[in-house]
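# Structural characterization, general
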Amino acid sequence: MIFKPAQLGMAKLDNQELVEDRKSCKKIGPCGVGKKALYLNSFYIDRRYYLPYGSISRVFKRVAMSSGGFTGKGMFASMAYLVVEYDGGKQKQCNFKDERDVDKLLEVLAKEQPQIHLLSAAGEQMLQKKEAEKASRKLPESELTDDARHSITVLRRAKEYLEAKPALSDELSAAERRKRAQLQSKPVYRYVALAIFIMGIVSAAYGLYAVTTHTGGYGIYFALFGFAAIFLFSSYNMLPTAHNNHSAIMKRAEKAEAAMAEYVKHYPNGAFPVPSHYAHPIVLKQMADAIEEGRAVTVPEALTAVENRLKSLNADVQVEQEEYDEVVVIKAMFLNHDYQ
């Protein structure tokens with residue numbers, strides 16, 4: 001442990017507890033989930049601070065959207081933050097590169113620290129209101145036809161089958177999202193990244209030259225190496241590597257689709273209700289919702305209803321956080337296959 005995590009709130013762990021807990025924590029993005037404390041990043045350093053769970057009241061996600069959030073266009077798409085509320089209302093906001101890491105951290109906290117609220121106070125009120133509205137949209141059970149009930153049963157069984165191996169659905173979604181981002185990215189971005197990378201190398205080289213020749217003072221050294229770090233980290237995710245290049249990204253998507261196709265081929269209840277490249281629990285959940293709300297009766301009609309809803313969503317459409325989270329997971333799957 002190079003840097004000892006700094007105490008952020010009023011509560012603290014003794015040194016030995018802190019060392020052991022920090023060493024064994026689950027590292028998720030720039031943060032970490034320990035047995036006794038949550039570890040949070042500063043702008044530059046991962047897991048720089050710690051907060052014992054007793055001082056934490058809420059941990060929730062905050063998303064800043066750019067115009068490319070739903071279309072896959074735009075340089076930054078969505079920017080995710082983890083917000084931690086502690087000591088009676090103080091907040092610490094942590095920036096994440098990958099929104100999925102925020103979701104994964106919240107999922108781990110839900111299992112290991114169920115006493116912590118995972119929504120903001122406003123979010124909880126909104127959720128209650130939304131659940132009431134959603135319940136009001138559903139048809140009474142007595143108004144559902146036999147065909148509709150049968151379709152819901154088929155979809156729920158298929159959803160349970162996919163949930164038995166969640167890694168397949170997770171990888172399919174992740175691979176399709178990466179493929180979509182690759183297909184939508186403009187070549188000019190790579191040239192910009194290369195230029196930024198070169199600037200980082202030049203800054204680092206000149207910084208080393210300045211240190212060895214004793215040119216300037218410590219201020220210029222910190223500035224040069226600081227610029228070098230910023231430039232290099234900024235360009236890292238956009239430069240081609242062994243795993244971050246067009247061929248590797250396309251092969252990953254093909255492999256994920258093939259794995260899912262093989263899995264649903266052995267579905268024990270007959271033909272799987274959706275094409276294998278759309279086989280995700282969220283897709284099946286939204287299809288069942290469409291039937292319960294009276295927008296569809298049969299399985300094919302429910303899939304069409306989901307497709308129409310996804311087509312209607314773009315950067316100009318505002319949706320609730322729950323729907324946004326679901327759309328982010330599945331929309332790339334439909335876009336990459338032209339809703340076929």
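One structure accompanies this document, and this report is about it.

The rules we used
- Residues numbered from 1 in each chain as written.
- Predicted model: local features only at pLDDT ≥ 70, side-chain atom pairs only at ≥ 80, totals over all residues.
- Heavy atoms only, no water.
- Helix = DSSP H or I, 4+ residues; strand = E, 2+ residues; numbered from the N terminus.
- Buried < 20%, exposed > 50% of the residue type's maximum accessible area, 1.4 Å probe, protein only.
- Contact = heavy atoms within 4.5 Å.
- Areas by Shrake-Rupley, 256 points an atom, 1.4 Å probe, with all protein chains shown as cover.
- Pairing = 2+ DSSP bridges.
- Axes fitted to C-alpha atoms, helices over the stretch in contact; angles between N-to-C directions.
- Expected span 1.5 Å × (residues − 1).
- Bend = angle between axes of the 7 residues up to and from the residue.
- Phe/Tyr/Trp six-rings, centres within 6.5 Å; stacked < 30°, edge-to-face > 60°.
- Lys NZ or Arg CZ within 6 Å of the ring centre and 35° of its normal.
- Salt bridge = Lys/Arg side-chain N within 4 Å of Asp/Glu carboxyl O.
- Parallel < 35°, antiparallel > 145°, perpendicular 65-115°, else oblique.
- Left-handed = near helix turned anticlockwise from the far one by under 90°.
- Core = buried A, V, L, I, M, F, W, Y, C linked by side-chain atoms within 4.5 Å.

Below, the discussion takes up the overall build of the chain. Helices and strands together make up the secondary structure of the chain, namely eleven helices and eight strands. By residue count, 39% of the 340 residues in the chain fall in the buried class. Sequence separation of at least 24 residues holds for 64% of the intrachain contacts in the chain that already meet a minimum separation of 6. Total accessible area computed for the chain in this model is approximately 19,200 Å², and 58% of it derives from carbon and sulfur atoms.

Let's shift gears to the sheet that holds strand β3 (residues 31-33). Ordered in space as β1-β5-β4-β3-β2, the five strands form an open sheet in which the pairing is mixed. In the strand order of this sheet, the two ends are held by β1 (6-7) and β2 (26-28), each with one partner. Bridging between strand β4 (residues 37-40) and strand β5 (residues 49-52) involves four bridges; their strand directions are antiparallel. The residue of β5 that forms the bridge with Leu40 is Tyr49. Of the strands in this sheet, β2, β4 and β5 are in contact with helix α1 (residues 15-24), which crosses β4 at around 70°. Here helix α2 (residues 99-112) sits on the sheet in contact with β2, β3 and β4, set at roughly 150° to β2.

Moving on: helix α11 (residues 321-336). For α11, which comprises 16 residues, the first-to-last C-alpha distance of 23 Å matches the rise-based estimate of 22 Å (1.5 Å per residue) to within 8%. Remark: the principal bend of α11, roughly 40°, maps to Ile330. Extensive coverage of α11 is indicated by the burial of twelve of its 16 residues. Three or more residues of α11 are buried, namely Tyr324, Glu326, Val327, Val328, Val329, Ile330, Lys331, Ala332, Met333, Phe334, Leu335 and Asn336. Two residues or fewer after α11 comes Asp338, characterised by a positive phi angle close to 50°.

What follows covers helix α4 (residues 146-163). Over its 18 residues, α4 extends 26 Å from the first C-alpha to the last, a length consistent with the 26 Å expected when each residue adds 1.5 Å. Listed as buried for α4 are Ala148, Ser151, Ile152, Leu155, Ala158, Tyr161 and Leu162.

This part is about the packing of aromatic side chains. Counted by the stated rule, this structure contains eight aromatic pairs. With a centroid separation of 4.3 Å and an interplanar angle of 10°, the aromatic rings of Tyr161 and Tyr263 are classed as stacked. Here the residue Tyr161 occupies a position in helix α4, and Tyr263 occupies one in helix α8 (residues 246-265), the gap between them amounting to 102 residues. In terms of burial, Tyr161 and Tyr263 fall into one category: buried. Aromatic side chains Tyr161 and Tyr267 sit 5.0 Å apart centroid to centroid with 70° between the ring planes, which places their arrangement in the edge-to-face category. With Tyr161 in helix α4 and Tyr267 in the loop between α8 and α9 (281-292), this pair connects stretches of sequence that are 106 residues apart. Like Tyr267, Tyr161 is buried. Three or more aromatic residues joined by ring pairs form one cluster here, namely Tyr161, Tyr263, Tyr267 and Phe272. Across from the ring centre of Tyr49, 5.8 Å away, lies the NZ or CZ of Arg48, which sits over that ring. A cation over a ring is seen here: Lys311 above Tyr339, with NZ or CZ 5.0 Å from the ring centre.

This part covers the pattern of salt bridges. If you walk through the whole model with that rule in mind, you get 23 salt bridges. A salt bridge links Glu124 to Arg58, with the nearest nitrogen and oxygen atoms 3.1 Å apart. Here Glu124 is found in helix α3 (residues 121-137), whereas its partner Arg58 is found in strand β6 (residues 56-65), with 66 residues between them in sequence. Note that Asp289 and Lys285 form a salt bridge whose closest N and O atoms lie 3.1 Å from each other. Remark: Lys285 and Asp289 occur in helix α9; sequence separation between them is four residues, near one turn of the helix. Taken together, the shared-partner salt bridges connect Lys61, Glu99, Asp103 and Asp325 into one network.

This part takes up the environment of Ser42. Here Ser42 lies in the loop between β4 and β5. C-alpha separation for the pair Ser42 and Lys92, spaced 50 residues apart in sequence, amounts to 9.6 Å.

Once that is clear, we can look at the packing of α9 against α11. For the pair α9 and α11, interaxial distance at closest approach is 9 Å and the crossing angle is 115°. By the angle between their directions, the pair α9 and α11 is classed as roughly perpendicular. Pair α9 / α11 crosses with left-handed handedness. Of the residues in α11, those in contact with Ile282, Val283, Lys285 and Gln286 of α9 are Glu322, Glu326, Val329, Ile330 and Phe334.

Inspection of the secondary structure puts His280 in the loop between α8 and α9. Ignoring anything within four residues of it in the chain, the contact list for His280 reads Leu162, Ser169, Ser173, Val329, Ile330 and Met333.

Glancing now at the nonpolar core. Formed by 42 residues in total, the largest nonpolar core has its most connected members in Leu162, Phe272, Leu284, Met287, Ile330 and Phe334. Secondary-structure elements contributing two or more residues to this core are α4, α5 (166-184), α8, α9, α10 (299-312) and α11. Top contributing element to this core by residue count: α11, with eight residues. Apart from residues lying up to four places away in sequence, Met287 is in contact with Leu155, Val274, Val299, Ala302, Leu303 and Val306. With 21 residues, the next largest nonpolar core counts Ile28, Val33, Tyr86 and Ile116 among its residues.

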